Amino acid sequence: MDLLEAILLGIVQGITEFLPVSSSGHLQIAKELLGVELENNITFDVTLHAATVLSTILVLWRELWRILQGAFSRTFNDEQCYILKVLLSMIPAGIVGVLFADQIEALFASLWFVGLMLLLTAALLSFAYYAKPRKKEQISYRDALIIGIAQAAATMPGLSRSGSTIATGLLLGDEKSSVANFSFIMVIPVILGKMLLDILSGEMAAMSVETPVLVAGFLAAFVSGALACKFMIEVVKRGKLIWFALYCAIVGAVCLFASL
């Protein structure tokens, strides 16, 4: 992997981690185009995920700081309630990651499956755009669990994590900005957990990646991720998800056609 490939892949990861177009699907497409085996490079994968976590923290630092301050209160408060909801949302992804990791990993080699899941993402975003559910003031524990199930399902390549969680929250009637913030905050511990497992697996020690390549990929993912996260929050507030649905439908159809 050279510097240009690292920058391109970093940009793809940073943008698609937050936009509802599937980062895993687009990284698979990028791998096909560039001839880079991402799944065989744990070090680079962990680096990109670290960059997207930091970009999320940068954009949502005020919200995260407020939650962190409230977490240490001796009386149960809204911030501690929020943390419990995030923890609850992590359970489905944890179960899927432990029980079905190998089966899901095998699907990454299938371009037609990526295309199929992109079409499913398009359908989900379309439903969220046209549905008019009764609005709620805040995300409930039940909603947090259902959104967590959507996040777990989005481990499949081509099914957008942010698209699935945000669309699910909107279909449940949750407020737009609250859903967007919750979607991006809930993934932080999940990504950190995956990074820890990758590090503990010992596979990183066997990887030989040049430092400039890692730095280039990290910076590209961090900058593009921060911009995409901020942009996506505004998009959700304005209810313009239908354009991403159209994009996913087109890319999904192209993937299916290309895999024939």
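Residues numbered from 1 in each chain as written. Predicted model: local features only at pLDDT ≥ 70, side-chain atom pairs only at ≥ 80, totals over all residues. Heavy atoms only, no water.

## A look at a nonpolar patch on the surface
Condition: To count toward a patch, a residue needs a relative accessible area above 30% and no salt bridge. Like charges then connect within 9 Å, nonpolar side chains (Val, Leu, Ile, Met, Phe, Trp, Tyr) within 5 Å. All accessibility values rest on the Shrake-Rupley procedure with a 1.4 Å probe; residue burial counts only the protein chains present in the view. The working definition used for a salt bridge is a side-chain nitrogen of Lys or Arg within 4 Å of a carboxyl oxygen of Asp or Glu. Secondary structure elements are defined from DSSP: runs of H or I of at least 4 residues count as helices, runs of E of at least 2 residues count as strands, and each element is numbered from the N terminus.
On the surface, a cluster of nonpolar side chains totalling about 650 Å² of accessible area is made up of Leu54, Ile57, Trp61, Trp65, Leu68 and Phe72. When contributions to the nonpolar patch are tallied by element, the ones reaching two or more residues are helix H3 (42-59) and helix H4 (61-71). The element best represented in the nonpolar patch is H4, accounting for three residues. Among the secondary structure elements, Leu68 is positioned in helix H4.

## A closer look at the packing of aromatic side chains
Heads up, the condition is: Note on aromatic contacts: the rings of Phe and Tyr and the six-membered ring of Trp form a pair at centre separations within 6.5 Å, being stacked when their planes are under 30 degrees apart, edge-to-face when over 60 apart, and tilted otherwise. We call a charge positioned above a ring when the Lys NZ or Arg CZ atom is no farther than 6 Å from the ring centre and deviates by at most 35 degrees from the ring normal.
Within this structure, the stated rule accounts for five aromatic pairs. The side chain of Lys85 reaches across the aromatic face of Tyr141, ending 5.5 Å from its centre.

## Topic: the environment of Ala220
Applied cut-off: Any two residues having at least one pair of non-hydrogen atoms within 4.5 Å are treated as being in contact.
Of note, Ala220 is situated in helix H11 (residues 211-238). Residues Ala220 and Trp65, 155 residues apart in the sequence, show an inter-C-alpha distance of 25 Å. Those residues within four positions of Ala220 in sequence are excluded, and the remaining contacts are Ile7, Gly10 and Ile11.

## With respect to helix H9 (residues 161-171)
Owing to its 3.6 residues per turn, the α-helix brings residues three or four apart onto one side. Stated precisely, the cut-off is as follows: The rule is simple: take the accessible area with a 1.4 Å probe, protein chains only, and divide by the maximum for that residue type; under 20% is buried, over 50% is exposed, in between is partly exposed. Whenever a nitrogen or oxygen atom comes within 3.5 Å of another N or O atom, the pair is scored as a polar contact, on the condition that within protein one atom can donate a hydrogen and the other can accept it, and that pairs from neighbouring residues in sequence are kept only if both atoms are in side chains.
For H9, a buried count of ten out of eleven residues is recorded, marking the element as mostly surrounded by other parts of the structure. Contacts from the buried residues of H9 go to helix H1 (3-18), helix H7 (111-130), helix H8 (141-153), helix H10 (176-200) and H11. Capping the start of H9 is the job of one residue whose side-chain oxygen sits 2.8 Å from the backbone nitrogen of Gly163: Ser160. Following H9 by one or two positions, Gly173 adopts a phi angle in the positive range, close to 95 degrees.

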